[in-house]
Amino acid sequence: MKELSPSILSAELSNIKQQLEQVKAAGIKYLHIDVMDGLFVPNITIGQPYIKSLRKLSDLIFDVHLMIEKPERYIESFAEAGADILTIHYEACTHLDRALHQIKDNGMKAGVTINPSTPINILSEVLPIADLVLVMSVNPGFGGQSFIENSVSKLEWLKEVRQKENYNYIIEVDGGVKTSNIEKISNAGAELFVAGSAVFNDKDIKENIDGLYKKIR
Ligand code: DX5
Ligand code: ZN
């Protein structure tokens, strides 16, 4: 089943309770939470204390995307804050294999991701232990950017390798996903679609979500 993971980066945080209720009512199961440290990416967002508060408001699956240097420093604290999936960047983590095992040992699903300029096959050695692989289809740091086309072949590669090797990871995509391109991205192999600006904009949240689901289900 294809699912959306709305990114709260584009949500109105002063109104987050109501916005979470609206996404839930529209049939959403996942919530994408972007954590940025101002070093790995040129922007700063929210951290564990805020996620802990969100956990009290919502039973959605918290899909936490860490855009921070040396994410292994904070694995335990994100588990305590209530993350269900913790995704870390290949480019930010020296001992990726160890960090992915630590995420699992802390009771979360282990996700791994790469920037648009990083070749996907660099992840070959960790694919057997990954619960989720996220293809960044924009340069991380900001919502509302355009989808980078080389992501399509990365999704196709992940789908092919998973089938060939009998791996189990979920294939997720993040950045520039819209009603105009989601069908193509889905056909390439994506199963979990992050959508920030396409869900939280000046239009109705439920209509936005219905419009995206209509193209992929
Ligand atoms: C970008 C973030 C994304 C962002 C996507 O660094 O990782 O999750 O919220 O936003 P849209 O869907 O607007 O491209
Ligand atoms: Zn993200």
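Position numbers for residues start from 1 in each chain and track the written sequence from start to end. Here every chain gets a letter starting at A, and every ligand a number starting at 1, in the order they are written. Where local features are concerned, this predicted model is filtered to residues with pLDDT of at least 70; where side-chain atom pairs are given and counted, the filter is 80 or more; whole-chain, interface and lining totals use all residues. Heavy atoms from the whole structure form the basis of all side-chain values; hydrogens and water molecules are not counted.

- As annotated in an unreviewed UniProt entry, the protein chain is Ribulose-phosphate 3-epimerase from Criibacterium bergeronii.
- Its UniProt record gives the protein chain a comment under Pathway (unreviewed entry), which states: "Carbohydrate degradation."
- Quoted straight from UniProt, the Catalytic activity (unreviewed entry) entry for the protein chain says "D-ribulose 5-phosphate = D-xylulose 5-phosphate". UniProt positions are given in the numbering used here, feature names are shortened, and annotations may be inferred rather than shown by experiment.

### Side note on the coordination of the zinc ion (ligand 2)
1) Next: The zinc ion (ligand 2) binds to the protein through H32 (NE2), D34 (OD), H65 (ND1) and D174 (OD), with metal-donor distances spanning 2.0 to 2.3 Å.
2) Next: A 2.8 Å cut-off from the metal defines N, O and S donors, relaxed to 3.2 Å for Na, K and Ca; water is not in the atom list, so some sites may appear incomplete. Mapped onto the sequence, the donors of the zinc ion (ligand 2) take the spacing H-x1-D-x30-H-x108-D. Residue H32 is located in strand β2 (residues 30–36), and its partner H65 is located in strand β3 (residues 61–67); the two are separated by 33 residues in the primary sequence. Across the pair, H65 and H32 agree in class, each one buried. Secondary structure follows DSSP: runs of H or I at least 4 residues long count as helices, runs of E at least 2 residues long count as strands, and numbering of each begins at the N terminus. Relative accessibility under 20% of the residue-type maximum defines a buried residue, over 50% an exposed one, and the middle range a partly exposed one, all with a 1.4 Å probe and only protein chains included.

### Notes on the UniProt feature "binding site: a divalent metal cation" (unreviewed entry) in the protein chain
1) Next: In the numbering adopted here, UniProt assigns the feature "binding site: a divalent metal cation" (unreviewed entry) to H32, D34, H65 and D174. Spatially, the listed residues are clustered: although they cover 143 residues, their C-alpha atoms lie within 10.6 Å of one another.
2) Next: As for its placement among the helices and strands, D34 is situated in strand β2.
3) Next: You can call D34 buried: its relative accessible area is 7%.
4) Next: By definition, residues are in contact when any of their heavy atoms lie within 4.5 Å. Residue contacts for D34: discarding those within four places in its chain leaves S7, L9, T45, I46, H65, M67 and D174.
5) Next: Counted as a polar contact is a pair of N or O atoms within 3.5 Å, where, for protein atoms, one must be capable of donating a hydrogen and the other of accepting one, and residues adjacent in sequence contribute only when both atoms are in side chains. Within the local environment of D34, its side chain forms a polar contact with the side chain of S7, the two groups lying 2.8 Å apart.
6) Next: Here D174 lies in strand β7 (residues 170–174).
7) Next: Not counting the four nearest positions on each side in its chain, D174 is found in contact with H32, D34, H65, L134, V135, M136, S137, V138 and V194.

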